[in-house]
Amino acid sequence: MPKRISLTQYLVEQQREHGHIPAQLRLLIEIVARACKRIAIAVNKGELGEVLGSADSENVQGEVQKKLDIISNEVLIEANEWGGHLAAMASEEMDTIHVVPNRYPQGEYLLMFDPLDGSSNIDVNVSIGTIFSVLRKVNNTRGVSEDDFMQPGKQQAAAGYCVYGPQTTLVLTVGQGVAMFTLDRETGSWVLTQKDVSIPEDTKEFAINMSNMRHWAPPVKRYIDECLIGKEGPRGKDFNMRWVASMVADVHRILTRGGIFMYPWDKREPGKPGKLRLMYEANPMAFLIEQAGGMATNGTQRIMDIQPTKLHERVSVILGSRNEVRRVTEYHLDDAEKT
Ligand code: P6P
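Just so we're clear, the structure is a prediction, and the values are computed from it rather than from any experiment.

Caption draft 1: Main features of the site of the ligand. By nearness alone, 13 residues border the ligand, and D117, N209, M247, Y263 and K275 come closest of all. One of the side-chain nitrogen or oxygen atoms of D117 is found 2.8 Å away from an oxygen atom of the ligand. The side chain of N209 places a nitrogen or oxygen atom 2.8 Å from an oxygen atom of the ligand. Its free accessible area being 400 Å², the ligand has 83% of it covered by the protein chains. Put simply, the parts of the chain that give the shell around the ligand at least two residues each are β13 (260–263) and β14 (276–277).

Structural data, given as structure tokens:
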């Protein structure tokens, strides 16, 4: 058995080799990783922990909150208040930002998270996860506000997720590739199990919620129709389909074996660009996908180039194997030329 490397050792070695992980960022990552362990324990208890079911409240998105949504949010807030590494936090579960109370040292980073993504799967024991994104607080001449968070995804200092599935796995990038750490429950350690993650440029597997087909824009319909026709059609190969309805689980599969994930704009809510949230779902996942050699667009634009204007703004998401995402993007651009 090769000597296993811990998360701490990996971060220290990355810092020594590349010098690109400042001490405060390393601390932030370790604290978030420890919080994910606590969330994993709560998730794994299920009925035994009386954590399942609805909390009988709604979040800023107008979604009914599950008890575990609130528990996970509180774990992340509490874990990050004391470290002295953060100026503020933002969460899918909170209307506005949470400024680190001035009784604690205020740090230079901003942390955003979806504390428990895939909530509809909690009560049916299907993989769910925590997604997080880290920005630097650029303007240090004044106190922190939502404006500090209005940075495009390409400004992220780090991003990652923890998937609570058959294994509990932390997936992380600080801009030098993607690494995966599996939780060793016997020791409580995050153990490096994959580094330099690389997504195949081609795939035969697409992930989309097919029940929305009648609502899609023509370029998405064209792409999926071609996948369904298979090798008799213009693609010359048959496709398989997966849809977990937990973005973390679908993205983890794509980072592990390739594929394309799509949650495109649809005409049910024409005024909204998409269902998924830019700041704490699309941006962190786009950072990971690009760092693994994949591509992530909103159909026409690189997701990490989008300049946000609101904390909870939504976006259309097409990400994964480069050649497939490029094809869907080309179909969108062809369609735009016709209109
Ligand atoms: P639908 C989970 O609620 C989520 O935000 C993503 O994790 C997931 O990909 C998507 O929504 C699932 O949406 O409409 O298929 O239930």
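Caption draft 2: Examining the side chain of D117 more closely. Tracing the chain through its elements places D117 in strand β5 (residues 109–117). Of the buried charged residues, D117 lacks a salt bridge, with R277 as the closest side chain of opposite charge at 5.8 Å. Among the polar contacts made by the side chain of D117, one reaches the main-chain amide nitrogen of M247 at a distance of 3.1 Å. Among the polar contacts made by the side chain of D117, one reaches the main-chain amide nitrogen of V248 at a distance of 3.3 Å. When sequence neighbours within four positions are dropped, the list of residues in contact with D117 reads I128, G129, I131, S246, M247, V248 and E281.

Caption draft 3: Layout of the sheet that holds strand β15 (residues 295–297). Overall, mixed pairing links the five strands, which are arranged β12-β11-β13-β17-β15 in an open sheet. Of all strands in the sheet, those bounded by a partner on one side alone are β12 (240–241) and β15. Across the sheet, helix α4 (residues 218–229) lies against β11 (205–207) and β13, angled at about 140° from β13, the strand it touches most. Packing of helix α6 (residues 278–291) onto the sheet brings it into contact with β15 and β17 (317–320), and relative to β17 it is tilted by some 25°.

Caption draft 4: Molecular detail of the pairing of strand β7 (residues 158–164). Of all seven residues that make up β7, seven are buried, and the element is covered over most of its length. With burial as the criterion, each face of β7 is covered, one bearing A158, G160, C162 and Y164 and the other bearing A159, Y161 and V163. Relative to β7, strand β6 (residues 128–136) runs antiparallel, the two sharing seven bridges. Within the sheet, the bridge partner assigned to I131 lies in β7 and is Y161. In the sheet, β7 pairs with strand β8 (residues 168–173) via six bridges, with the strands oriented antiparallel. The partner of A159 across the bridge, within β8, is T173.

Caption draft 5: Highlighting the pattern of salt bridges. If you walk through the whole model with that rule in mind, you get 18 salt bridges. For R235, the salt bridge identified is with E324, shortest N-O distance 2.7 Å. Within this pair, whereas R235 is found in the loop between α4 and β12, its partner E324 is found in helix α7 (residues 322–338), the two being separated by 89 residues in sequence. Comparing R235 with E324, the two get one shared label, buried. Between E324 and K237 there is a salt bridge whose closest N-O contact spans 3.8 Å. Note that E324 is positioned in helix α7 and K237 in the loop between α4 and β12, a separation of 87 residues in sequence. For the pair E324 and K237, a shared accessibility class is recorded, and that class is buried. By sharing partners, the salt bridges in this structure join K154, E290, R302 and D305 into a single network.

Caption draft 6: Spatial organisation of α6. The buried fraction of α6 amounts to 12 of the 14 residues, a majority that puts the element mostly inside the structure. Burial in α6 covers these residues: L278, M279, Y280, E281, A282, N283, P284, M285, A286, F287, L288 and I289.

Caption draft 7: Main features of the pairing of β8. In terms of burial, β8 is a largely internal element, six of the six residues being buried. Hairpin remark: β7 followed by β8, antiparallel, with three residues in the connecting loop. Here β8 pairs with strand β9 (residues 178–184) via five bridges, running antiparallel. Among the inter-strand pairings, V171 is bridged to a residue of β9, identified as M180. Remark: four residues form the turn of the hairpin made by β8 and β9, two consecutive strands paired antiparallel; G175 in that turn has positive phi of roughly 95°.

Caption draft 8: Focus on unusual backbone geometry. With a phi angle near 55°, D56 is a residue other than glycine that sits in the positive phi range. Structurally, D56 is set in strand β1 (residues 54–58). Classification of D56 as exposed rests on a relative accessible area of 70%. The phi angle at N125 is positive, at roughly 60°, despite the residue not being glycine.

Caption draft 9: Structural view of the UniProt feature "binding site: Mg(2+) 2" (unreviewed entry) in the protein chain. The positions that UniProt labels "binding site: Mg(2+) 2" (unreviewed entry) are, in the present scheme, D114, D117 and E281. Taken along the chain, the residues just named run across 168 residues; in space they keep tight, none of their C-alpha pairs more than 8.6 Å apart. D117 gets classed as buried once you look at its relative accessible area, which sits at 6%. If you trace the backbone, E281 turns up in helix α6. Its relative accessible area of 1% is what places E281 among the buried residues. Setting aside residues up to four positions removed in sequence, E281 forms contacts with E92, D114, D117, I131, M247 and L276.

Thresholds applied
Position labels on residues start from 1 in each chain and follow its written sequence. Given that this is a predicted model, residues contribute local features only at a pLDDT of at least 70 and side-chain atom pairs are listed and counted only at 80 or more, while totals for whole chains, interfaces and linings are drawn from all residues. Side-chain metrics in this entry use all non-hydrogen atoms of the structure; hydrogen atoms and water are not considered. Think of it this way: one heavy atom of a residue within 4 Å of a molecule or strand is enough to make that residue near it. Each polar contact in these results corresponds to two N or O atoms within 3.5 Å; when the atoms are within protein, one needs to be able to donate a hydrogen and the other to accept it, and residues that are neighboring in sequence are counted only if both atoms are side-chain atoms. Areas reported as accessible are Shrake-Rupley estimates using a 1.4 Å probe. Residue values count occlusion only from the protein chains shown. Only DSSP runs of H or I covering at least 4 residues are called helices, and only runs of E covering at least 2 are called strands; the numbering of each starts at the N terminus. A simple rule labels every residue: compare its accessible area, found with a 1.4 Å probe on the protein chains alone, to the largest value its type can have, and call it buried under 20%, exposed over 50%, or partly exposed in between. This count recognises Lys and Arg as positive and Asp and Glu as negative, with His and chain-terminal groups excluded. Salt bridges are counted wherever a side-chain nitrogen of Lys or Arg sits within 4 Å of a carboxyl oxygen of Asp or Glu. Note on definitions: a residue-residue contact is assigned when non-hydrogen atoms from the two residues lie within 4.5 Å. Should DSSP find at least two bridges between two strands, the strands are regarded as paired. Axis definition: a line fitted to C-alpha atoms, limited for helices to the stretch in contact. Angles are taken between N-to-C directions and run from 0 to 180 degrees. UniProt positions are given in the numbering used here, feature names are shortened, and annotations may be inferred rather than shown by experiment.

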